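Here is how the chains run, residue by residue.
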Amino acid sequence: MREPADPCRPYRSFVDVPADGPGPTVLGPVAGVLQEPGLSGGTVSGVCHGTLGELYQGPLRAGTDPEIAVVSFPVDRHSWVYFTPRTTAGSPGPPALGEKSATAARLFLEHYGLTLPPGDWRTHSELPVGVGMASSTADIVATLRCLFRVFSLPYDKDVVLGVLADIERADSVFLDEFALYLSGRHRVVRRLGPDLGFHTAYVMEPGTVDTAAVTPLLLDHYRRRGEEYQRCLTDLLKGFGSGDPAAVARAATTSAALSQEVLPKTTFSSLRAHRERFGADGVFVAHTGCLAGYLFAARPRAEVKSELSAFFHSLGHQCTFAQGGYG
């Protein structure tokens, strides 16, 4: 999601550590300059998983003023950010951070009153941009996780939420569990645990989606179909509560079908029509992206994967298999 969020800053005020305090990250005589960073001389990394869209995206509750709520669908694909301190003189390499990640780094340093020691950034990502895999949010979170390690600071979710709130709407990739999450307000409504997992077969349709541009269309759609979304969300939460992946997959299919009315996927109808043929438990989409695919509670056999690949190829797409969720 890429729309600027509400201007709330839930994280605490700037840290001001006395110069005679303990630990390697103490601020020295010049405020905001880290005198002895806790670095071993080696590369430090931060990593964050992405998503395969959402199991649910819709209003938190039916009404005339809906808020966008999501249950992101995490995937075993990642963004990496590396920081390597420089121990010799010389010019730094070209900046490797994207604009949003660079902004996140600046906000982090301002928040703690720190200065980054000399060094070089490097990045790597398995998450395409603009297709619904939470690439920019994962980049930001990976950058922040790297910085927490650079300065030997404990990971603070509130700081991460505060930085995200200053940059964009976001998915809940900063958590290691499913959650019902208000993407604009950056608020976790309900934690849903890490116990469920799915095997997936999915395709990436052509194009990208600008979340900010389609948000008004989504909100109008949510007003019209609020009761249907409410039933869908209730069923999804019951599925998580009972640990029933098939129930979660059915609710995800309903959410995907509702999203077809405003941001349709060309492959969705075929996927739903052939779901039982492949023994899939449900269909998922990136509601504001370009992904669509099958949910399997159990790993599909090799021959089923071959059939799935041929089926998706007949629709004009290359099939990808990936593990989603946590269980």
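The structure presented is a predicted model; accordingly, all values stated were derived computationally and were not measured.

1. Let's talk about unusual backbone geometry
For residues other than glycine, phi is negative in most cases, and the peptide bonds are mostly trans. In this structure, Ala 134 takes a positive phi of about 60° despite not being glycine. Relative to the elements of secondary structure, Ala 134 occurs in the loop between strand 3 (119-125) and helix 2 (135-150). Even without being glycine, Ser 152 reaches a positive phi, approximately 55°. Following the sequence through the fold, Ser 152 ends up in the loop between helix 2 and helix 3 (157-165).

2. So, helix 9 (residues 302-314)
Between its terminal C-alpha atoms helix 9 stretches 19 Å, which fits the 18 Å expected from 13 residues at 1.5 Å a residue. Buried within helix 9 we find Val 304, Leu 308, Phe 311 and Phe 312. Along helix 9, the residues classed as buried sweep out an arc of 95° about the axis, all on the same side. Opposite the buried face of helix 9, by more than 90 degrees, sit the exposed residues Ala 302, His 313 and Ser 314. Residues of helix 9 that are buried make contact with strand 6 (197-204), helix 7 (268-273), helix 8 (275-278), strand 8 (291-296) and strand 9 (320-325).

3. Details of the environment of Thr 64
Locating Thr 64 in the fold gives a position in the loop between strand 1 (44-59) and strand 2 (68-85). Overall, Thr 64 belongs to the exposed group, its relative accessible area being 71%. In the structure, Thr 64 is positioned 159 residues away from Arg 223 in sequence and 5.8 Å away in space, judged by C-alpha atoms.

4. Some thoughts on the pattern of salt bridges
Counted by the stated rule, this structure contains ten salt bridges. Lys 100 is the salt-bridge partner of Glu 168, the closest N and O atoms lying 2.9 Å from each other. Placement of Glu 168 in the loop between helix 3 and strand 4 (178-182) and of Lys 100 in helix 1 (residues 99-112) is noted, with a sequence separation of 68 residues between them. Residue classification places Glu 168 among the buried positions, given a relative accessible area of 0%. Taking the relative accessible area as the measure of exposure, Lys 100 reaches 26% and is therefore partly exposed.

5. Side note on the confidence of the model for the protein
Scored by pLDDT, the protein comes out at a mean of 86, with 85% of its residues at no less than 70. Under a pLDDT of 50 for its full length, residues 1-40 has, in the predicted model, 98 contacts with residues more than four places off or in other chains.

6. A word on the packing of helix 4 (residues 211-224) against helix 5 (residues 226-242)
When two helices pack together, their arrangement is given by the angle between the helix axes and the distance between those axes. Look at helix 4 against helix 5: their axes get within 5 Å of each other, and the N-to-C directions meet at 85°. In terms of orientation, helix 4 and helix 5 fall into the roughly perpendicular class. Within the contact between the two elements, helix 4 uses His 221, Tyr 222, Arg 223 and Arg 224 and helix 5 uses Gly 226, Glu 228 and Tyr 229.

7. Description of the pairing of strand 8
Most of strand 8 sits out of view: six of its six residues are buried. Inspection of the sheet shows strand 6 paired to strand 8 by six bridges, in the antiparallel sense. Opposite His 199, over in strand 8, you have Phe 296 as the bridge partner. As judged from the four bridges shared by strand 7 (residues 282-285) and strand 8, these two strands associate in the antiparallel manner. When the sheet's bridge partners are listed, Val 285 is paired in strand 8 with Ala 292.

8. What to know about helix 2
Here helix 2 is 16 residues long and its end C-alpha atoms lie 22 Å apart, about the 22 Å a rise of 1.5 Å per residue gives. For helix 2, a buried count of 14 out of 16 residues is recorded, marking the element as mostly surrounded by other parts of the structure. Ser 152 sits one or two residues past helix 2 and shows a positive phi near 55°.

9. Considering the packing of aromatic side chains
Taken as a whole and assessed by the stated rule, the structure comprises 18 aromatic pairs. Relative to Phe 311, the ring of Phe 278 has its centre 5.1 Å away and its plane inclined at 50°; by these criteria the two rings are tilted. Taken as a pair, Phe 278 in helix 8 and Phe 311 in helix 9 lie far apart in primary sequence, 33 residues in all. Take Phe 278 and Phe 311: they sit in the same class, and that class is buried. Every member of this aromatic cluster is reached through a ring pair, and the members are Phe 108, Tyr 112, Phe 148, Phe 151 and Tyr 155.

Rules of the game
Residue positions are given per chain, counting from 1 as you read along its sequence in written order. Note on the predicted model: pLDDT of at least 70 is required for a residue's local features to be given, and 80 or more for side-chain atom pairs to be given and counted; whole-chain, interface and lining totals, by contrast, use all residues. Note: side-chain values were computed over all heavy atoms of the structure, leaving out hydrogens and water. Secondary structure elements are defined from DSSP: runs of H or I of at least 4 residues count as helices, runs of E of at least 2 residues count as strands, and each element is numbered from the N terminus. The span you would expect from a helix comes to 1.5 Å times its residue count less one. Categorising residues by exposure relies on relative accessible area from a 1.4 Å probe, with only protein chains included: less than 20% of the type maximum marks a residue as buried, more than 50% marks it as exposed, and the intermediate range marks it as partly exposed. Starting at the helix axis, one direction is taken to each C-beta atom, and the arc is that of these directions. The contact definition used throughout considers only heavy atoms, calling two residues in contact when any of these lie within 4.5 Å. Each salt bridge in this description consists of a side-chain nitrogen of Lys or Arg and a carboxyl oxygen of Asp or Glu lying within 4 Å of one another. A residue's pLDDT is the confidence the predictor assigns to it, expressed on a 0 to 100 scale. Each axis is a line fitted through C-alpha atoms, and for a helix only the stretch in contact is used; angles between axes span 0 to 180 degrees, taken between their N-to-C directions. Note on angle classes: values under 35 degrees are labelled roughly parallel, values over 145 roughly antiparallel, values of 65 to 115 roughly perpendicular, and the remainder oblique. Between any two strands, pairing holds if DSSP finds at least two bridges. Each aromatic pair joins two rings of Phe, Tyr and Trp (for Trp, the six-membered one) with centres within 6.5 Å, and gets the label stacked for planes under 30 degrees apart, edge-to-face for over 60, and tilted for any other angle.

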